[in-house]
Amino acid sequence: AFVCSAEKTVVIGLAADSGCGKSTFMRRLTSVFGGAAEPPKGGNPDSNTLISDTTTVICLDDYHSLDRTGRKEKGVTALDPRANNFDLMYEQVKAIKDGVAVEKPIYNHVTGLLDPPELIKPPKILVIEGLHPMYDSRVRDLLDFSIYLDISNEVKFAWKIQRDMAERGHSLESIKASIEARKPDFDAYIDPQKQYADAVIEVLPTQLIPDDNEGKVLRVRLIMKEGVKHFAPVYLFDEGSTISWIPCGRKLTCSYPGINFFYSPETYFSNEVSMLEMDGQFERLDELIYVESHLSNLSTKFYGEVTQQMLKHSDFPGSNNGTGLFQTIVGLKIRDLYEQIVAERAAASVAAAKL
Ligand code: ADP
Ligand code: G6P
């Protein structure tokens, strides 16, 4: 079929371990693109897909080649490439990018089985989220932008304890054991993908409270690759400088332990990057406008858009700290990237029509 190149789908990859805030990130992202994403209407209620006017988010667990029983029998985890069908992942992401609808499998997280497939039509923006969006080089090459959510072990542990102990009644020992069991495969197959990411959001324990192990106050780093087409890294005050900023003066209410920003050029896996860090948390979210006004290259459409987005979703986890702030900023940068790609294609097709 002939497909107008101006309408080709833009493909975004989001990699992270399970339970590390991908769904929260997706809700912030689709909100920036305009409109909440919802499960497909009238389909399988256990579908992992989210659809909005502009964006379709698919979960890469749907490309498990082994179901829960199969994994148990073969003794492999879901993180193991042998439990995943990268040929099909590549074929289908490529087809969608070329404007062709596909019948994508569904991995049912409730039953642990593979359900009958669902039809995925090419959207304007396709987000592939999951454990392996940058693992296979063919899939990686299809990505117009890639993000890795890097949650440090300490923080992962703290979040898992909050959720699994409080909500699911698991014991501390069993949570520790399940994290330890996943770790070798996580280190071998998931973590190395961060070297390919255009943006990494790193979540670490705070340095503002000595020996903190609560995992409530966070130090969050936004690592942005230099030289990526259609992506100009955000900066604080003066591009390329090294700046440490404690904004708790006359304009910002800060209680213990305060807020610390840091901005600096760095090297990350032998790539030049810009790094913006926020340690601590906001006391009053409406005052975020003060921080926003000191950041540049935010790709906002109007003054205060970052603050507005953060206020709109103040009930999401991480809204008072760098996780929410940087997820929102990455959302704005992706919207900008998408608009630049579309404008570039439109200009190219006008030029082609003149020949
Ligand atoms: P995923 O989609 O990767 O499984 P979710 O977005 O559902 O992750 O988040 C899983 C859990 O992790 C949430 O219920 C919450 O407890 C915790 N969490 C996620 N993001 C944050 C955050 N920024 N700050 C604190 N806790 C978070
Ligand atoms: C990961 C995968 C899921 C999988 C889960 C448990 O979180 O993303 O798809 O269901 O591991 O795997 P298990 O083999 O225990 O069912």
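Residues numbered from 1 in each chain as written. Chains lettered and ligands numbered in written order. Predicted model: local features only at pLDDT ≥ 70, side-chain atom pairs only at ≥ 80, totals over all residues. Heavy atoms only, no water.

### Topic: the environment of Val-342
With respect to the helices and strands, Val-342 occurs in helix α9 (residues 322-354). Between the C-alpha atoms of Val-342 and Val-10, which are 332 residues apart in sequence, the distance is 8.9 Å. (Helix = DSSP H or I, 4+ residues; strand = E, 2+ residues; numbered from the N terminus.)

### Observations concerning the packing of aromatic side chains
Under the counting rule described, the total for this entry stands at seven aromatic pairs. Both rings, one in Phe-237 and one in Trp-245, keep their centres 5.2 Å apart while their planes meet at 80°; by these two values the pair is edge-to-face. Each ring, one from Trp-245 and one from Tyr-290, has its centre 6.1 Å from the other, and the planes form 45°; the classification is tilted. Of this pair, Trp-245 sits in strand β11 (residues 243-245) while Tyr-290 sits in helix α7 (residues 288-292), and the two are 45 residues apart along the sequence. Using a relative accessible area of 11% as the deciding quantity, one classes Trp-245 as buried. Members of the aromatic cluster, each reached through a chain of ring pairs, are Phe-237, Trp-245, Phe-261 and Tyr-290. One Lys or Arg, Arg-27, reaches over the ring of Phe-316 and ends 3.9 Å from the middle of that ring. The ring of Tyr-196 has Arg-140 sitting right over it, with the charged end atom 3.6 Å from the ring centre. (Phe/Tyr/Trp six-rings, centres within 6.5 Å; stacked < 30°, edge-to-face > 60°. Buried < 20%, exposed > 50% of the residue type's maximum accessible area, 1.4 Å probe, protein only. Lys NZ or Arg CZ within 6 Å of the ring centre and 35° of its normal.)

### Some points on the sheet that holds strand β7 (residues 145-151)
Sheet architecture is open: ten strands sit in the order β2-β3-β6-β1-β7-β8-β9-β13-β12-β11, paired in mixed fashion. Either end of the sheet is taken by a strand with one partner, and the two such strands are β2 (50-51) and β11. The sheet contact formed by strand β8 (residues 199-205) and strand β9 (residues 218-225) spans seven bridges and is antiparallel. Residue pairing for β9: Glu-202 is matched across the bridge by Arg-221. Those strands touched by helix α5 (residues 153-166) are β7, β8 and β9, and its axis lies near 70° from that of β8. (Pairing = 2+ DSSP bridges. Contact = heavy atoms within 4.5 Å. Axes fitted to C-alpha atoms, helices over the stretch in contact; angles between N-to-C directions.)

### Regarding a negative patch on the surface
On the surface, Glu-226, Asp-238, Glu-239 and Glu-272 cluster together into a patch of negative charge. Position of Glu-272 among the secondary structure elements: in strand β13 (residues 271-280). Accessibility expressed as a relative area gives 61% for Glu-272, which makes it exposed. (Patch = residues over 30% accessible without salt bridge, like charges linked within 9 Å, V, L, I, M, F, W, Y side chains within 5 Å. Areas by Shrake-Rupley, 256 points an atom, 1.4 Å probe, with all protein chains shown as cover. Salt bridge = Lys/Arg side-chain N within 4 Å of Asp/Glu carboxyl O. Lys, Arg positive; Asp, Glu negative; His and termini not counted. Charge placed at Lys NZ, Arg CZ, Asp CG, Glu CD.)

### Some details on the site of ligand 2
In the vicinity of ligand 2, the residues found are Ser-18, Asp-61, His-64, Arg-68, Arg-71, Ala-78, Tyr-107, His-109, Leu-131 and Arg-182. In this structure, His-64 approaches ligand 2 through a side-chain N or O atom, which is 2.9 Å from an oxygen atom. Arg-71 has a polar side-chain atom sitting 2.9 Å from an oxygen atom of ligand 2. Per-class residue counts for the shell around ligand 2 are three nonpolar, three polar and four charged. (Near = heavy atom within 4 Å. Polar contact = N/O pair within 3.5 Å; in protein donor to acceptor, adjacent residues only side chain to side chain. Nonpolar A, V, L, I, M, F, W, Y, C, P; charged D, E, K, R; others polar.)

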